[in-house]
Amino acid sequence: MINEKYDLKKEIEIVREDCLRPTRRWGRSTQIWIGCLLIMIGWGIYCYIHQLRQGLGVTAMRNYVSWGLYISTFVFFIGISHSGTLVSAILRITKQEWRRPITRSAELLTFVSLLFGGIMPIIDLGRPDRLVNLVIFGRVQSPLMWDIISICTYFVGSSVFLFLPMIPDIALCRDRLTVCETRFDKFRKWLYTKMAIGWKGTKTQWHLLEKSMTIMTIIIIPVAVSVHTVVSYIFAMTLRPGWDSTVFGPYFVAGALYSGSAGVILGMAAFRKLYHLEKYITKRHFDLMGRIVLALTLIYAYLNLNEYWIPAYKMATSEGHLLEDLFYGSYSKLFWTLQFGTVLLPILILSIPKGRTVLMISITCIIIVIGAWVKRYVIVVPTLLHPFMPIQEVPKDWSTYFPNWVEFSITGACLAGIFLVITLFSKLFPMMAIWEVEEGLLIEHDRQLAIDIRLKREASERVINIEKLNGEKVSTEVEPIKPTVITS
Amino acid sequence: MKSIIINRYFLKKLGFTIAVSSILFNISTAQITEKRTTTIQLSFYKKANISKTIVGTVKAKNEEGKFLPAINAKVNFYLVNNNAQTFLKAAYTNKAGKANIILPENLPLDTGHCFTIAAKIENDKVFEDAVEELRYKEANLELKLAPYDTSRIAKAVLKTIGKNGEVIPVQDVEIKFYVKRLFGFMPAAEDYTLATDENGEASFTYPKDIMGDTAGILTVVARIDDNELFGNMEYQAVTAWGTVLLKEKEPFPRALWEPYAPLPLIITIAVLFGGVWFTYLIIFYSLYKIKKEKSDEQIEFEAIIKQ
């Protein structure tokens, strides 16, 4: 039964206030956090300049391992970018109402991870000034070319997909920011005005927005799948032990969806705690997301088994050497820790309801995300160290690889960059799609109202029947259902 | 190739003497002891009466005792004639440790019709002083072709100046015959080296099946490499002895491994991604329409104005 004191307008106002509050406060802790991130980025830039000046020789990469930490991180970031597609697009298309408070953070994670994921291969280039040659003289037959095309396409698509549902919220920010005393407030006002693109909330604008969002929701899913499939082609279309696999496309997509969903859960947990959104991002959200991650982990585990079991059964020469190294050689500890930590452990934890509490699921997702990163490393590096032609007559350190301080610093700076963009975004724009949450409230309100009226009708019908049974005079007046007018 | 290291022993001895003296007199010897032991090698290249180049290759000893190319070392080149040295030019070594200069056309010759070039590293802050001298005899290599002769015989003639100033042929000098290609010289046959006879001549028959350009033209080359008396000499001549290169109608058929991609692949990619980008354009147009949309109040206001 709907509470008679329930005030929808007041509830909507509370939602708006809760969502806009973080954008008004730039506390000391935020400033310190941003300062730390800027220091990390500054150090990373210094290291990158050092790398540019001295060449890739300052990294631990050599002739055999020419794709090290940078390319592993690139694959990892592209994988994380699948989060927005899964949570936002798939849940939107399947009309999952509970998605509303978490779509924004998922779409943002897609945007930033793609932004920095796209930078990683450029960092891996010894001569980044020659990047333009890839566009001018690029061969359409090359998976690298497909990768550039699909990542650019996905980046534009995910930017639009993030921006579209933000328009009404940005307009709300613009309208709420009436007093601009500081220069920063003036900048914010200018930014909101430009980004709101003249949003007034007319019927036509709503119609155009909803239509555009529907189109984008449909188109972004195949684009996202294509991106990670093509990333896998870079490896799978190369004749190397460990990469010469037909399941690499779905394996990468499944791995990306699973690590991306874990990334979304971590984002949910962080924003819930930091911006006090417990009222909106509830335990139920974590439970449902936990189920999704569990399902994706099972799919990933199945493909993982296929990826290793089939070549392990055959143990063909070069493939055999690689698998020996992975199963009981120099990479065995890492490999089995990964199998246990990122496949078996999440299945065990997430299968039980107590494993899907906020704390437990957050810990599990941290393990999954770190594991997914290390997994990319295990895909890239051991294969490069096991070429078909044995490594011989080269300096000893060429036959091993572990990233050095330059690579760790630059990669760390990219990670700091991701956190910086997310922090700045969350301090400028609401981290929940306000209008979508409001819409959810209205739908819930109408649903409750409809239930209320139905119950009343059923109650009155029961009275009539009892009167009929008792032979009393029947009252035919039944309260009609009044349509609810939704106003935002 | 001649290689002379002069003064090394002397300089080492000098360095030792200075070191001992500096300890005794408390003088810093850091600059002297830090200098690197240096060697110079000289080579002479004469290109068919076009240019005479002298190349000095400088190597210096590193901390591990290995001789590596010395970069950015200043090398002074001198012409030595009757114990008198005339400064020619200075040049700095490149990454390969090479410094070269082009010699003047009319180089004064000594009584033996030779010229002597000295290369020196002098008063360098990093490298020890070093000297190398080289003496070469003036000679002339020529390649005579019979362009209309189908036998494709190239006659290389090597001549020099005799004691009395007369031109005399040079016997028993090995001449190599090549064909010029895009990135270097291709030996014209398996056995491509001939020695000059008493007339200073070496006749080489070029094979008939060497590929030329679209007109059958190729460049034939006669070379003398590292001769003790004459150094390196080269003569190039252009002739139509090559087989005609026929242009293929389609040298690279469309394939995954060729420069041109197969059409089905291009069409597939274009349709897939073109479709996505076309959809994006529709979205951008919708955004434009949202931007241009007037508010209800504006529409009402404009209606009132019209009335």
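Here, every reference points to the structure presented above.
Attention in this report is confined to the structure presented alongside it. As the structure is a prediction and not an experimental result, all values here were calculated from the model.

## Brief notes about the overall build of chain B
1) Next: A tally of helices and strands in chain B yields four helices and 17 strands.
2) Next: Burial statistics for chain B: of 307 residues in total, 23% are counted as buried.
3) Next: Long-range contacts, defined as pairs at least 24 residues apart, comprise 56% of the intrachain contacts of chain B with a sequence gap of at least 6.

## Quick look at the overall build of chain A
1) Next: The secondary structure content of chain A amounts to 17 helices and zero strands.
2) Next: If you take every contact in chain A between residues at least 6 apart in sequence, the share linking residues at least 24 apart comes to 83%.

## With respect to the sheet that holds strand 8 (residues 130–137) of chain B
All names here are of chain B.
1) Next: An order of 5-4-7-8 is seen for the four strands of this open sheet, with the pairing classed as antiparallel. The two strands at the open ends of the sheet, each matched to only one other strand, are strand 5 (84–92) and strand 8. Taken over all neighbouring pairs, the strand axes of this sheet differ in orientation by 25° on average, direction set aside.
2) Next: When strand 7 (residues 114–121) meets strand 8, the two strands line up antiparallel, connected through eight bridges. Within strand 8, the residue paired with Ile121 across the bridge is Ala130.

## A closer look at the interface of chain A and chain B
1) Next: Across the boundary between the two partners, chain A contributes 23 residues, which contact 20 residues of chain B.
2) Next: Among the elements that take part in the side of chain A that touches chain B, helix 10 (residues 203–236) of chain A stands out by supplying 10 residues, more than any other.
3) Next: Each residue belonging to the side of chain A that touches chain B can be placed in one class, and the counts come to 12 nonpolar, eight polar and three charged.

## Concerning the environment of Glu438 of chain A
Residues and elements named next belong to chain A.
1) Next: Mapped onto the elements of the fold, Glu438 is located in helix 17 (residues 434–470).
2) Next: Taking the C-beta count within 10 Å as the criterion, Glu438 has 22 such neighbours and is therefore assigned buried.
3) Next: Once the C-alpha coordinates of Glu438 and Lys9 are considered, the two residues, 429 residues apart in sequence, prove to be 9.8 Å apart.

## Describing the pairing of strand 1 (residues 38–47) of chain B
Residues and elements named next belong to chain B.
1) Next: Pairing between strand 1 and strand 2 (residues 51–61): 10 bridges, direction antiparallel. The residue of strand 2 that forms the bridge with Ser43 is Val55.
2) Next: Sheet topology places strand 1 next to strand 17 (residues 231–239); three bridges connect them, and they run parallel. The residue bridging Lys46 from the neighbouring strand is Met233, located in strand 17.

## Overview of the nonpolar core
Residue and element names in this part refer to chain A.
1) Next: Ranked by internal contacts, the top residues of the largest apolar core, which has 114 residues, are Ile265 and Val293.
2) Next: The element contributing the most residues to this core is helix 11 (residues 248–274), with 14 residues.
3) Next: Not counting residues up to four positions away in its chain, the partners in contact with Ile265 are Phe286, Met289, Val293, Ile361, Ser362 and Cys365.

The rules we used
Residues numbered from 1 in each chain as written. Chains lettered and ligands numbered in written order. Predicted model: local features only at pLDDT ≥ 70, side-chain atom pairs only at ≥ 80, totals over all residues. Helix = DSSP H or I, 4+ residues; strand = E, 2+ residues; numbered from the N terminus. Buried ≥ 20, exposed ≤ 12 C-beta atoms within 10 Å, placed from the backbone. Contact = placed C-beta atoms within 7 Å. Pairing = 2+ DSSP bridges. Axes fitted to C-alpha atoms, helices over the stretch in contact; angles between N-to-C directions. Nonpolar A, V, L, I, M, F, W, Y, C, P; charged D, E, K, R; others polar. Core = buried A, V, L, I, M, F, W, Y, C linked by C-beta atoms within 7 Å.

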